[in-house]
Amino acid sequence: MEQIFRFLEMDLTNFEQIAVWLVLVVAFLGLLYALFLRRQILGEDKGTEKMQEVWGAIQQGANAYLTRQLRTILPAIVILTIALFLSVYIVPPTEFSKEVFAGYSDDTIRLIVGIGRAVAFIMGAGFSLLVGQLGMRMAVEGNVRVAAAARTSFKDALRIAYRAGTITGMLTDGLGLLGGTLIFMLFGKAAPDALLGFGFGGTLIALFMRVGGGIYTKAADVGADLVGKVEHDMPEDDPRNAAVIADLVGDNVGDCAGMAADIFESYEVTIVSALILGVTLTLITGHNEFILYPLLVRGIGVLASIIGTYRVKGQSDDSGNAMQAIFRGFLTSAAISVVMFGAVAVFYMRTVPGGWWPPFLATAVGVGLAIVIDRLTDYFTGTHYRPVKEIRDSTSGGPATTILAGLASGYESAVWSVIVLAATIVAAILIFSGIDVSGFASERFSAEFIHFTFVLYGVALTGIGMLTLTGNNVAMDSFGPISDNANGIGEMAGLEPKARQIMADLDAVGNTTKAITKGIAIGSAVIAAVSLFGSFITDVNLVDPQALASGIRVSQPMVFVGMLLGGALPWLFSSLAIRAVSRAAGQMVEEVRRQFRIPGILEGTKKPDYARAVTISTVAAQRDLINLAILAVVTPIAVGLLLQVEALGGFQAGIIVSGMLLAVFMSNTGGAWDNAKKLIEDEERDIEANTGKGSERHKAAVVGDTVGDPLKDTAGPALNPMIKVVNLVSLIIAPIVVRYSGLSLGVIIVTIVLVAILAWAIMRSKAEAQMIGAPTSKS
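So, a few notes on the structure that sits alongside this text. Source: prediction; values computed, not measured.

1. Overview of a nonpolar patch on the surface
A cluster of nonpolar side chains, contributed by V78, I82, L86, Y89, L111, I115 and V119, occupies part of the molecular surface with about 610 Å² of accessible area. Those elements that provide at least two residues to the nonpolar patch are α2 (49–87) and α4 (106–149). Along the chain, the position of L111 falls in helix α4. On the basis of relative accessibility, which here comes to 37%, the residue L111 falls in the partly exposed class.

2. Some thoughts on helix α17 (residues 610–623)
Counting along an α-helix, one turn takes 3.6 residues, and residues three or four places apart therefore face a common direction. The terminal C-alpha atoms of α17 lie 21 Å apart, and with 14 residues this matches the ideal 20 Å at 1.5 Å per residue to within 8%. For α17, a buried count of 10 out of 14 residues is recorded, marking the element as mostly surrounded by other parts of the structure. Of all the residues in α17, the buried ones are Y610, R612, A613, V614, I616, S617, T618, A620, A621 and Q622. Tucked inside the fold, the buried residues of α17 contact α2, α6 (191–231), α7 (244–285), α14 (470–493), α16 (557–596) and α18 (625–643).

3. Points about empty space enclosed by the protein
It is the rolling of a water-molecule-sized probe over the atoms that shows where space remains empty. If you walk through the whole model with that rule in mind, you get three cavities of 30 Å³ or more. Considering the residues around the largest cavity, the lining is formed by 18 residues, among which D221, E236, D251, D484 and D674 are closest to the centre. Tallied by class, residues from the lining of the largest cavity come to one nonpolar, one polar and 16 charged. Estimated volume of the second largest cavity: approximately 70 Å³. Forming the walls of the second largest cavity are I373, T377, S417, L421, G519, I522, G523, M660, V664 and N668. At the level of elements, α10 (357–381), α12 (399–433), α15 (497–543) and α19 (645–681) are the ones that each hand at least two residues to the lining of the second largest cavity. A breakdown of the residues in the lining of the second largest cavity according to their chemical character gives five nonpolar, five polar and no charged.

4. So, the pattern of salt bridges
Per the counting criterion, the structure on display carries 33 salt bridges. Its salt-bridge partner being E231, residue R593 comes within 2.5 Å of it at the nearest N-O pair. Taken together, the residues span a long stretch of sequence, with R593 in helix α16 and E231 in helix α6 at a distance of 362 residues. Assessed through its relative accessible area of 39%, E231 is described here as partly exposed. Across the pair R375 and D378 runs a salt bridge, and its minimum N-O distance is 3.2 Å. Here D378 and R375 lie together in helix α10, a separation of three residues that amounts to about one turn. Residue classification places R375 among the partly exposed positions, given a relative accessible area of 31%. Owing to a relative accessible area of 7%, D378 belongs among the buried residues under this scheme. Taken together, the shared-partner salt bridges in this structure form one network comprising K218, D221, D674, K677, D705, D709, K712 and D713.

5. So, the nonpolar core
Of all hydrophobic cores here, the largest spans 268 residues; its most connected members are F200 and Y293. For this core, the leading source of residues is α7, giving 24 residues. In this structure F200 touches L80, L84, F121, V633, V725, L728, V729 and I732, once residues within four positions along its chain are discounted.

6. Considerations on α19
In a regular helix each residue adds 1.5 Å, so 37 residues correspond to 54 Å; α19 covers 54 Å between its end C-alpha atoms and thus fits that length. Buried residues dominate α19, accounting for 34 of its 37 residues.

7. Some details on the side chain of D374
Locating D374 in the fold gives a position in helix α10. Judged by relative accessible area, D374 falls into the buried class, the value being 0%. For D374, the residues in contact, after removing those within four places along its chain, are F327, F330, M476 and I516.

The rules behind the values
- Residues numbered from 1 in each chain as written.
- Predicted model: local features only at pLDDT ≥ 70, side-chain atom pairs only at ≥ 80, totals over all residues.
- Heavy atoms only, no water.
- Patch = residues over 30% accessible without salt bridge, like charges linked within 9 Å, V, L, I, M, F, W, Y side chains within 5 Å.
- Areas by Shrake-Rupley, 256 points an atom, 1.4 Å probe, with all protein chains shown as cover.
- Salt bridge = Lys/Arg side-chain N within 4 Å of Asp/Glu carboxyl O.
- Helix = DSSP H or I, 4+ residues; strand = E, 2+ residues; numbered from the N terminus.
- Buried < 20%, exposed > 50% of the residue type's maximum accessible area, 1.4 Å probe, protein only.
- Expected span 1.5 Å × (residues − 1).
- Contact = heavy atoms within 4.5 Å.
- 1 Å grid on protein atoms, 1.4 Å probe; cavity = no way out; pocket = protein on both sides within 12 Å on 5 of 7 lines; lining within 4 Å.
- Points joined across faces, edges and corners; volume = space filled by probe spheres on them.
- Nonpolar A, V, L, I, M, F, W, Y, C, P; charged D, E, K, R; others polar.
- Core = buried A, V, L, I, M, F, W, Y, C linked by side-chain atoms within 4.5 Å.

Laid out in structure tokens, this is it:
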């Protein structure tokens, strides 16, 4: 047994061994809960034949997109799997691997670790794909059932929408915990070597799904809104609009599949960084608790999410406060988690340096951070607060003042988010600053380095705590597109006003929950990136204690250059992503206009060619996937080889600061514009008074919403996985950069090749796109 499960060789107590097995059981329990909810949802009524016809078109489009995306990214997965396997042969085995696989030759250890890293990469990528694809398919199954339930009951519609989203949340929880726990059980103290592959696989797939889904959904949404709403004064999901099915499909592939994969990789990456730092502290102090505590916390989070999500229910058939019910479930899970964290810390962590309270407080601060970001994002994007109302009022001046008001609100929101995250990191520093590390200092590990590692471990624990409620967070996010799709199905199927109002109310709440989840995803991305940044420094120290003996000095010119390049990368990435949306949206606008010129479509006597619009979005979404992934993967390798390891650290610092500010700004600005538009749509329509749908104020709000769409649903969210891809690639190549320091001929040649690949990807992304082939309907 010990030859298979290497964690049994770590001198664990009986309690610790049982606890690890119990964490594995909890992971399966989360997956069983998802299966239980799936059976519940599939047993609900699917409504009328017309509703099922619209639903079938959405389902067909979503499946076609995911199939095509899978074909696009598989070659990249194969190439990177081989690269990760070969990466272990460039440097000697780590100290942890030698300890775990004592008695084996270095070449044999490299083979074992290489296979482990490659298999973990495939597992991380596979789990991320499963979360995205299965979650999206269940969201599609749920939307028509929500629309059917809304005909008779608000509380049933809320229950179905939230529980359909919870399936995705529990898949994220269960598979994330399952993967991290299994790798630890198989590799023991050598787990960090394989966990890097696991985290990288999940993060890369999240980048693909975020970019692809974002381009797809916003190409359709922008095209549908500009022609349908602005030019022809049509409702949101008018069946005469050729882009409407593509728009509804986009909600699923962008907000369900994309966000689920995004939060899943944050879930993975925080456990990866916590375990890497925990193994380092175990090496220094001899306490295995630093490795096991993050796993125990994650197990508690799964149980708390099961209880909290099941409590989300409406109170009345006629109407209710969906946001209040959702937030009540969130707070229930948070309270259970904090109490259980304390119990585990008091029982298990009391003998570690510093005692039980630093790890408990760090994880509790993480839960608090999730709640604060939740409230902060709600303030800047919710319809009940001043920022969105100010944007609504600014629409009286036309599109220009609408855009200016949104920009001002978005800039301010980024500042407050940074302050909250900075306060969280300061809290981790203060919590762990009082630990006496003098007894562990040695010639190899200075007291300063040990204290630094403790602080970074505290930061990693805040990330663990923050994503403890992942089941709730993903459920909240998926609730948005499920409600949106249900509303669209109701519009296209011509449901009665009461049902439409119930779905409109749920849709408005879903718009806020999506924005909240984006805020939490960005916050967790920054915490995870800071933790990985710390892991980068500790890993370099283990390879060569002198490489970063003086830290990462911004005063050094090369390090400052690295930081400048890191700060610039999110802007280039965002530029190319938004350009892709603009290009695809232009094609969609022309296609919708072309179909409106066909006799009978505007009159409603002839059905539009929905499939062609779906094809335009699908093809456009795949075009830039590989280009943007190359930007994230290749750039840190080129910087590391050319400018060396300390500058690579500066590069990471630059991308974290710049990327976080830009991501929050884009996400909140777009969300605020969207909800300002919804406030005007809820007004009574009076063209003379300039209120309601079809008014000049509404058209100005639609323009603002259209500008914000690619910000909040494409570029902004895609920065989360992009930042972590850069951090993980930096962490993987750090030992190679240290070993091959200096500009040898081989390094120069490799760097030139990498720069050429980057130039090719950028030029290919900026090239004009060819129009989709001949239309299927005659013009």
